[in-house]
Amino acid sequence: MPSMPRHSRFGALALALFAAPAAHAASLHEMPAATATSGVLSTTIVVDEYTASFTEAVSGSAFSYKTRGYNPAGTTMSDRMAVGPTLRFSAGDTVKVTLDNDLDANPGTTTTMNSLHSPGTTNLHTHGLHVDSDTPQDNVYVAVEPGATFEYTYAIASDHAAGTHWYHAHFHGNTALQVGNGLVGMIVVEDAADEIPEDLAALEELALMVQRLEPFAVQQIAGAFEDGGDGWTQSGNVGLANGDGYWTVNGQMNPTATVTQNRWTRVRVAYSALDAAADIALLDADALGCEWKLLAKDGIYVDNAPRALTTAHVAPGNRFDFVVKCASAGAFELTAAAEAGGGPGGPGGRRLLQTAETLVTFTVLASDESAAEDLPVFTPKKPVYLQDVYDETLHSVTHVSRTLIFARADGGCAVVFDGAGGQYDGTSHGSMAVGSVQAWTVSGNDKHPFHIHINSFQLGSDVVDPSGYYRTGDWHDVFYVPDGVTASKVYFQVDQHTGKAVLHCHFLEHEDKGCMAYLDITGAEDTRVAGLAATALVETFVEEEDAANEEDAADAAAAGASAESSSASAAGRALGGIAAFVAATSFVAVA
């Protein structure tokens, strides 16, 4: 399994950072968790201003700036950004989040459509959850004004799939400012006992909230607010210059995490940035005999997981889960090479991959325990809304064909749906019926990451990706086509929830400036696609050669047994193995 080289294949386009590479920071910060108890999660998240300060020992050059965070630990935080609590709950739970807005008052009252405005207003988007888009659930049109509170109450369906998701601010007009400041947190929908193999469920795990932060660029955004600018963000900037940016994981620069030799560890990754896609890979892992394999993308397990992984391609909003195991003690790195977009307000054209930078340094602790066996290959238990619909013949579904184009426009881009539309004007771009299967041809998402709320989509049979990261049938809720990849078809069920289906470019300043739309989902709430049923977990065990077979063969040879006898014995075992394989891979439908 090749590791990411320190420089990308496109050459040495240096990442504008600091004078020296970051030294190792403290041990990886474990983000606080808000966990459901007796079927209910109830927590308060405070939005407030604070000063982020990083020392020379961590960054290579000390700097500080004014920013915002969820539950910041005081008015100044040193060597760690504020990251929201991880929300952990299960299918069937009720999740209550009180958002307490302690931000400064807005400087003015001008709120022109698709302008930058209202820096103190906020709200919450639960990115990846299959929930209702109306109040009090994932309604991104809610405005929580400075000094106000709002209680979100999410009714998590009893068949909601497990997965890694995240939440962030999403008020149209200041999304880039607030997410660029760091208003983010992770969500984990816990695995049910019958959803994944027991071996995987028992693994130790790490959660990594990865952010590409560009405080100088965010200050430029703050200065462009039409209602007087965001005075807080503009008021403090020490040691930063135009183009400076850096990476954090759980709010830290290059923290150190530990894994144990010969043992599998599960890692959940969520990625946030203003407008930078990235390639994430391992460095110096080959020398330690490390394996890493893909489990899930955008919170949904891939079929036949875990599967081979060399590089994870992520745009802002993407997530991926992987497992890693190393045969030797030592250290390796998780690295990211940014692929920036057109910059704030730019046309969305991309630049080349930049120099890979360290996200986390992993220390592999020595252990004398035997090497863990390979994890079983599996396809998870799937609810109705995640049944394959990319091929009409699989479940006798009927596709409703549509087109979506991210077209170039002032401020970044515009949404053209079925040949009509433009920049966001507050009205619907069209409709789709709940219970239908949508088949969309999408273009322009090689420059603008396509994201849709509420219903995830899967890739079609036109995917061509030499790296194997994107495959037919994979599920996403953000899709940005990297160089060397072709894919234009996406498919999804409009499942159960009516209301607004919001879609937009996930380069968030583009969204603020009009690259956004919504479709009305019409029909009766709770309608599902006809003829589909949930399916049970399927495990495939790949057995190593049985030692007993080798002993039998040796005994037979020593005794001068005939070649025919040995051949018949081996054939019998092979037939037994095939029978076991067939039994292990049968599909079962569940209600």
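Above this text is the structure in question.
Below, the structure is looked at part by part. (Residues numbered from 1 in each chain as written. Predicted model: local features only at pLDDT ≥ 70, side-chain atom pairs only at ≥ 80, totals over all residues. Heavy atoms only, no water.)

Turning next to the sheet that holds strand 1 (residues 33-35). The strand order 1-5-10-9-7 describes an open sheet built from five strands, whose pairing is mixed. Since the sheet does not close on itself, it has two edges, and those belong to strand 1 and strand 7 (125-127), each with one partner. Averaged over all pairs of adjacent strands, the angle between their axes in this sheet comes to 25 degrees, without regard to strand direction. Examined bridge by bridge, strand 7 and strand 9 (residues 163-168) share three bridges and lie antiparallel to one another. (Pairing = 2+ DSSP bridges. Helix = DSSP H or I, 4+ residues; strand = E, 2+ residues; numbered from the N terminus. Axes fitted to C-alpha atoms, helices over the stretch in contact; angles between N-to-C directions.)

Formed by 83 residues in total, the largest nonpolar core has its most connected members in Phe-320, Phe-332, Trp-440 and Phe-450. Broken down by element, the residue count for this core peaks at five residues, all from strand 16 (residues 276-283). If near-sequence neighbours (up to four positions away) are discounted, Trp-440 is found in contact with Arg-402, Leu-404, Phe-417, Met-432, Phe-450, Ile-452, Ser-488, Lys-489, Val-490, Phe-492, Leu-503 and Leu-519. The next biggest cluster of nonpolar side chains, apart from the first, holds 25 residues, and it includes Ala-34, Leu-87, Val-97 and Val-189. (Core = buried A, V, L, I, M, F, W, Y, C linked by side-chain atoms within 4.5 Å. Buried < 20%, exposed > 50% of the residue type's maximum accessible area, 1.4 Å probe, protein only. Contact = heavy atoms within 4.5 Å.)

Moving on, we come to the pattern of salt bridges. As enumerated under the stated definition, the model contains 24 salt bridges in all. Linking Asp-159 and Arg-528 is a salt bridge whose minimum nitrogen-to-oxygen distance equals 3.0 Å. Residue Asp-159 is found in the loop between strand 8 (149-155) and strand 9, and its partner Arg-528 is found in the loop between strand 36 (516-522) and strand 37 (534-535); the two are separated by 369 residues along the sequence. Using a relative accessible area of 23% as the deciding quantity, one classes Asp-159 as partly exposed. The class of Arg-528 is partly exposed, set by a relative accessible area of 25%. In this structure, Asp-194 engages Lys-381 in a salt bridge whose closest nitrogen and oxygen atoms are separated by 3.1 Å. Of this pair, Asp-194 sits in the loop between strand 10 (184-189) and helix 3 (198-201) while Lys-381 is found in the loop between strand 24 (377-379) and helix 6 (392-395), placing the two residues 187 residues apart along the sequence. (Salt bridge = Lys/Arg side-chain N within 4 Å of Asp/Glu carboxyl O.)

Quick look at the pairing of strand 15 (residues 265-273) now. Within a regular strand, side chains alternate between the sheet's two faces. With nine of nine residues buried, strand 15 is to be regarded as a mostly interior element. A two-sided burial pattern is seen for strand 15, the buried positions comprising Thr-265, Val-267, Val-269, Tyr-271 and Ala-273 on one face and Arg-266, Arg-268, Ala-270 and Ser-272 on the other. In the sheet, strand 11 (residues 204-213) pairs with strand 15 via nine bridges, with the strands oriented parallel. Along strand 15, the bridge assignment pairs Glu-205 with Arg-266.

Any functional reading would require information beyond the geometric quantities listed.
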